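Here is how the chains run, residue by residue.
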Amino acid sequence: MPDSISYRPSLVSFLDILGFRELLASASADDVAKHLLELKRATQPIDQGAPDDTLASEPKWFQVSDAIVRIRHFDTQYKDGALYYELSDLGLAQASLAGQGVFIRGGLAIGDAAVGTDEIPLAFGPAVADAYELEAKLAVYPRIVISQKVIDQYRSGTELKAQQHSSEYDEKAVLPMIRSSSTGPWLDYMSTAEASGIEFSTYLGFCNRHKEQLARCLSEFASDPRKMEKYLWLASYHNCHVRESIVLRDSWYPEEDLIIEKPFGWDFPSKL
């Protein structure tokens, strides 16, 4: 047992795979393992924390089945922009997985959390419970919802921002990654991927793969209203992003090449 474990102020993300229970019932163990390894590859930090995690906001990562917990302490000596890095990590992971047909949902909370050691991996605390509640009760669709407390604390203070930038500069990088809805803010992973610095042609390739994977889901689950509700919402988000970002920015690009057509007999949600 470690000598002492203490709560520290943290950003906590809880993620899981949409439709994982159905996957367990229909897929082989080998196929399930491939999905889980993809989830691990996309969400696990390259380095499991700095030697001293009081220096910078390196995330700690835990996995049980398809559930991922990431804990990023931000009471660090150097304020490196904890919220920017967590949103960027999550958005790029979500985009990478979605392009392969693996859709995730989750919650991002803020508050006290504690971790154990490499020998005794523990992850617990009020913020862990809050992140789970966000995923279980508010996410519903394939999205990562963000606690309003995260936004409020980010706007009102400096501890989640990078100390080398002004607050205005930091907000210009962070806030475009967040969309708002009647149920609260959530991570705009398509815009996060677009802003990551990749070539425009590469991004168009991602949008095409995203469209193809969603079209496949809409066809595959056309007889299941519960699943269709989720994928119709995601298709509506896809179309909204394409029209707001790609078509407006590059009017020469044929919209019909990226827009998902409404399936026969179904309607897109009236709002995201």
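Please read these numbers as outputs of a predicted model, since none were measured by experiment. (Residues numbered from 1 in each chain as written. Predicted model: local features only at pLDDT ≥ 70, side-chain atom pairs only at ≥ 80, totals over all residues. Heavy atoms only, no water.)

Q: Run through the overall build of the protein, naming residues and quoting values.
A: Of the regular secondary structure elements, the protein holds 9 helices and 8 strands. The C-alpha radius of gyration of the protein comes to 19 Å, within 12% of the 19 Å expected for a compact globule of 272 residues. Seen through its principal axes, the protein has C-alpha atoms that stretch 60 × 45 × 35 Å. The proportion of buried residues among the 272 residues of the protein is 50%. Within the protein, contacts between residues at least 6 apart in sequence are counted, and of these 69% link residues at least 24 apart. Roughly 13300 Å² of accessible area belongs to the protein as shown, and the carbon and sulfur atoms make up 52% of that amount. Across the protein, the centroid of the 27 positively charged side chains sits 4 Å from that of the 40 negatively charged ones. (Helix = DSSP H or I, 4+ residues; strand = E, 2+ residues; numbered from the N terminus. Rg over C-alpha atoms; globule rule 2.2 N^0.38 Å. Buried < 20%, exposed > 50% of the residue type's maximum accessible area, 1.4 Å probe, protein only. Contact = heavy atoms within 4.5 Å. Areas by Shrake-Rupley, 256 points an atom, 1.4 Å probe, with all protein chains shown as cover. Lys, Arg positive; Asp, Glu negative; His and termini not counted. Charge placed at Lys NZ, Arg CZ, Asp CG, Glu CD.)

Q: Explain the pairing of strand β1 (residues 8-17) residue by residue, including any values.
A: Extensive coverage of β1 is indicated by the burial of 9 of its 10 residues. By the bridge criterion, 6 bridges tie β1 to strand β3 (residues 67-73) in an arrangement that is antiparallel. Counted as the bridge partner of serine 10 is histidine 73 from β3. (Pairing = 2+ DSSP bridges.)

Q: Break down the packing of aromatic side chains for me, citing the residues and quoting the values.
A: This structure, assessed with the given rule, holds 11 aromatic pairs. The interplanar angle of 5° and the centroid separation of 5.0 Å between the aromatic rings of tyrosine 141 and tryptophan 233 together place this pair among those described as stacked. Placement of the pair is tyrosine 141 in the loop between α4 (126-139) and β6 (144-146) and tryptophan 233 in helix α9 (residues 225-249), with a sequence separation of 92 residues. When its relative accessible area of 18% is taken as the criterion, tyrosine 141 is described as buried. (Phe/Tyr/Trp six-rings, centres within 6.5 Å; stacked < 30°, edge-to-face > 60°.)

Q: Tell me about the pairing of strand β2 (residues 59-64), residues and numbers included.
A: Bridge analysis of β2 against β3 gives 6 bridges, and the strand direction is antiparallel. Each bridged residue has a counterpart across the sheet, and for glutamine 63 the counterpart in β3 is isoleucine 68. Connecting β2 to the antiparallel partner β3 that follows it, the hairpin turn spans 2 residues, and serine 65 within it adopts a positive phi of roughly 55°.

Q: An account of the pattern of salt bridges is needed here, citing residue identities and associated values.
A: As enumerated under the stated definition, the model contains 14 salt bridges in all. The residue glutamate 133 makes a salt bridge to lysine 137 at a minimum N-O spacing of 2.9 Å. Of this pair, glutamate 133 and lysine 137 both sit in helix α4, 4 residues apart, roughly one helical turn. The closest approach of N and O atoms between glutamate 171 and lysine 161, which form a salt bridge, is 3.2 Å. Residue glutamate 171 is found in helix α6 (residues 167-174), and its partner lysine 161 is found in the loop between α5 (148-156) and α6; the two are separated by 10 residues along the sequence. Residue class for glutamate 171 comes out partly exposed when judged on its relative accessible area of 22%. Where salt bridges share partners, they join Arg70, Arg72, Glu86 and Asp89 into one cluster. (Salt bridge = Lys/Arg side-chain N within 4 Å of Asp/Glu carboxyl O.)

Q: So what's going on with the state of the cysteines? Which residues, and what values?
A: Applying the stated criterion across every chain, the model contains 0 disulfides. Residue cysteine 207 stays outside any disulfide, its sulfur separated by 13 Å from that of cysteine 240, the closest cysteine. With relative accessibility at 0%, the residue cysteine 207 sits in the buried group. The exposure class assigned to cysteine 240 is partly exposed, which follows from its relative accessible area of 23%. (Disulfide = S-S within 2.5 Å.)

Q: Just give me the short version of unusual backbone geometry, but keep the residues and values in it.
A: Phi is positive for serine 65, which is not a glycine, with a value near 55°. Tracing the backbone through its elements, the reader meets serine 65 in the loop between β2 and β3. One non-glycine residue with positive phi stands out, namely valine 140, at about 60°. Residue valine 140 is classed as partly exposed on the basis of its relative accessible area of 34%.

Q: How would you summarise the layout of surface pockets if you had to cite specific residues and measurements?
A: In this structure, the largest pocket spans a volume of roughly 550 Å³. What lines the largest pocket is a set of 24 residues, and nearest its centre among them are Leu18, Gly19, Phe20, Leu23 and Tyr231. Only β1, α1 (20-26), α8 (200-220) and α9 provide two or more residues apiece to the lining of the largest pocket. Among the elements that line the lining of the largest pocket, the one with the most residues is α1, at 5 residues. For the lining of the largest pocket, the per-class residue count stands at 9 nonpolar, 4 polar and 11 charged. (1 Å grid on protein atoms, 1.4 Å probe; cavity = no way out; pocket = protein on both sides within 12 Å on 5 of 7 lines; lining within 4 Å. Points joined across faces, edges and corners; volume = space filled by probe spheres on them. Nonpolar A, V, L, I, M, F, W, Y, C, P; charged D, E, K, R; others polar.)

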